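Breakdown of the fold
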Amino acid sequence: MDKKSRQGPSGCESCANYVYDEEYDYYVCEADLDEDEMARFLLDHRFDCPYYHSGDEYLVVRHQM
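Values in this document were obtained by computation on a predicted structure and should not be read as measured data.

1. Observations concerning the side chain of Asn-17
Inspection of the secondary structure assignment puts Asn-17 in the segment before strand E1 (18-21). Filtering out sequence-adjacent residues up to four positions away, Asn-17 remains in contact with Val-28, Cys-29, Glu-30, Ala-31, Tyr-51 and His-53.

2. Some remarks on unusual backbone geometry
Located in the positive-phi region is Asp-25, a residue other than glycine, with phi close to 65°. When you line up the elements, Asp-25 lands in the loop between E1 and strand E2 (26-29).

3. Considerations on the packing of aromatic side chains
Scanning all chains against the criterion turns up 4 aromatic pairs. Considering the side-chain rings of Tyr-24 and Tyr-26, the 6.1 Å spacing of their centres and the 40° angle between planes classify their relative orientation as tilted. Between the aromatic rings of Phe-41 and Phe-47, the centroid separation amounts to 5.7 Å while the plane-to-plane angle is 80°, which identifies the pairing as edge-to-face. Per residue, the accessibility class of Phe-41 equals that of Phe-47, and both read buried.

4. Comments concerning the pairing of E2
One ladder, built from 4 bridges, connects E1 with E2; its direction is antiparallel. Pairing of Asp-21 across the sheet is with Tyr-26, part of E2. Between E1 and E2, which pair antiparallel and follow one another directly, the connecting turn spans 4 residues, one of which, Asp-25, has a positive phi of 65°.

5. Side note on the confidence of the model for the protein
Where the model shows low pLDDT, its predicted coordinates should not be examined in detail. Residues of the protein with pLDDT of at least 70 account for 68%, and the chain-wide mean is 77. Mean pLDDT in the protein bottoms out at helix H2 (residues 59-64), which sits at 60, and peaks at E1, which reaches 92. Between residues 2-10, whose pLDDT stays under 50, and residues either more than four places distant or in other chains, the model counts 28 contacts.

6. Quick look at the environment of Tyr-27
One can find Tyr-27 in strand E2. Residue Tyr-27 is classed as partly exposed on the basis of its relative accessible area of 41%. With 10 residues separating them along the chain, Tyr-27 and Asn-17 place their C-alpha atoms 9.9 Å apart.

About the cut-offs
Residues numbered from 1 in each chain as written. Predicted model: local features only at pLDDT ≥ 70, side-chain atom pairs only at ≥ 80, totals over all residues. Heavy atoms only, no water. Helix = DSSP H or I, 4+ residues; strand = E, 2+ residues; numbered from the N terminus. Contact = heavy atoms within 4.5 Å. Phe/Tyr/Trp six-rings, centres within 6.5 Å; stacked < 30°, edge-to-face > 60°. Buried < 20%, exposed > 50% of the residue type's maximum accessible area, 1.4 Å probe, protein only. Pairing = 2+ DSSP bridges. pLDDT = per-residue confidence, 0-100.

Below you can see the structure in the form of C-alpha cells.
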C-alpha cells in the first residue's frame, strides 16, 4: 500500500505502519492489504484500516491516568 496520505481511525500519519522509505524518498504503509482491502482503501475515503495501530508509545500510559 503506497498511499501518501489517507484517513484511518486517526489517519495514516499517526500509524506505526506508516514509515519513511529512504529509497523512494516518501512515506509508505508497510501493512500488506489484500486485494479487497486495497480496493476499499482506494475507493472509500472513510476506510477503517484493520492494521492501524498507534505509533504513540505513551497512549496506554495516558489512558491509565
